[in-house]
Amino acid sequence: MKNRKVPAIIAAAVLAVSTLGLATSSQASPASDHRGQASPGVAAKADNPRVYRCDGGRNVNMRSRIVNVPFTFGETGTNAEDIAVPGAAMVVAGPRRGRDTLLITFSAEAQLGGSTDDLSDWMGLEVHLDGTPIQPYTAVGDVVAFTSQPDYNAHSLQFCTKIGRGKHKLQVFTNLFDGGDNDSLRGWLDDYLLSVVRYN
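Structure report, in brief. In every chain, residue numbers begin from 1 and rise along the written sequence. Residues qualify for local features only when their pLDDT is at least 70, as the model is predicted, and side-chain atom pairs are given and counted only at 80 or more; totals for whole chains, interfaces and linings, by contrast, use all residues. Hydrogens and water molecules were not included; the side-chain quantities draw on all heavy atoms of the structure.

## Brief notes about the state of the cysteines
Our working definition: The disulfide criterion used throughout: a pair of cysteine sulfur atoms within 2.5 Å. Helix and strand assignments follow DSSP, with helices taken as H or I runs no shorter than four residues and strands as E runs no shorter than two, numbered in order from the N terminus. Partly exposed residues are those whose accessible area sits between 20% and 50% of the maximum for their type, while under 20% is buried and over 50% is exposed, using a 1.4 Å probe and protein chains only.
Applying the stated criterion to the full structure yields one disulfide. With a sulfur-sulfur separation of 2.0 Å, Cys54 is cross-linked through a disulfide to Cys160. The sign of the S-S torsion, about -80°, decides the handedness of the disulfide formed by Cys54 and Cys160: left-handed. Taken together, the residues span a long stretch of sequence, with Cys54 in the loop between strand S2 (52-53) and strand S3 (59-67) and Cys160 in strand S10 (residues 153-163) at a distance of 106 residues. You can call Cys54 buried: its relative accessible area is 19%.

The structure is reproduced here in C-alpha cells:
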C-alpha cells in the first residue's frame, strides 16, 4: 500500500520554505537614498539589526593607492575629530547612467599610543564620499574602531556605497576617541593601501 502521508508532508515542507523566504526578503530593501548611499532595510524589532544593502553586478575595474610613509597624529582637542589620511584619496568617475557600486578597502599597519585604558580608547576610521561618510558608519557615539592596541598590527576595513553620474571624491579619515578624556592619544599608520573595486 502507498503511504498517503508523503504528499502531505512534502506540501507542508514547501509551504514552510516559501513562508521563510517571504519573511527573509521582507527584511531588506533594494532602494537607495537620495545621496546614493547604501540604503537601510526594515528594522522590525530591537533585536533585529538594521541591515544596509549594497549590491553590485559585473566587475568594471579596480584602482589602488599605496603609501609607505608613516603618518602620525595626535588628539586635536575635539574628541573623535576627523583627520584626513594623506594620500588615501581617490577621484572616481560615475557611470553615464544609473548607479554603480563601490567596494572600498583600507588596510594599514596601525598603533595607538598614549592610552592608559585600551578598553575605552581607540583609533577610528571613516571613508567619505563627496564629504559624506559612507557605510559602515554611525553618526553619534559609535565610531568604527580600527585599533586600540599599543603594539604594531596590520588591520583592514571595508566600506560600500553607490555613485551616479559625474566625478566623485573618496577620502579616508581617521580619528582618536579618548573615552575617559584623560589621555594624550597618538595615532600611527604606515604601509597603507586604499583599494576601490567598481561594479555596475
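## Some thoughts on the packing of aromatic side chains
Formally: Between the rings of Phe, Tyr and Trp (Trp by its six-membered ring), a pair exists once the centres lie within 6.5 Å; its type follows the angle of the planes, with under 30 degrees stacked, over 60 edge-to-face, and the other angles tilted.
Enumeration according to the criterion identifies five aromatic pairs in this entry. Residues Phe71 and Phe73 carry aromatic rings whose centres are separated by 5.0 Å and whose planes lie at 25° to one another, so their mutual orientation is stacked. A relative accessible area of 9% means that Phe73 is categorised as buried. With a centroid separation of 5.9 Å and an interplanar angle of 50°, the aromatic rings of Phe106 and Phe146 are classed as tilted. On the criterion of sequence distance, the pair formed by Phe106 in strand S6 (residues 100-113) and Phe146 in strand S9 (residues 145-147) is long-range, its members being 40 residues apart. Across this residue pair, the class does not change: Phe106 and Phe146 are buried. A network of ring pairs unites the aromatic residues Phe106, Phe146 and Tyr192 as a single cluster.

## Things to note about the environment of Met123
Structurally, the position occupied by Met123 is in strand S7 (residues 121-129). In sequence terms Met123 and Phe177 are 54 residues apart; their C-alpha atoms lie 6.2 Å from each other.

## Digging into the pattern of salt bridges
Note the following rule: Salt bridges, as used here, are contacts in which a Lys or Arg side-chain nitrogen is within 4 Å of a carboxyl oxygen on Asp or Glu.
Summed over the entire model, instances satisfying the criterion amount to two salt bridges. Note that Arg53 is salt-bridged to Asp55, the shortest N-O span being 2.8 Å. Across the pair Asp100 and Arg198 runs a salt bridge whose closest N-O atoms are separated by 2.6 Å. Taken together, the positions of Asp100 in strand S6 and Arg198 in strand S12 (residues 186-199) put the pair 98 residues apart, joining distant regions of the chain. This pair shows no difference in class: Asp100 is buried, exactly as Arg198 is.

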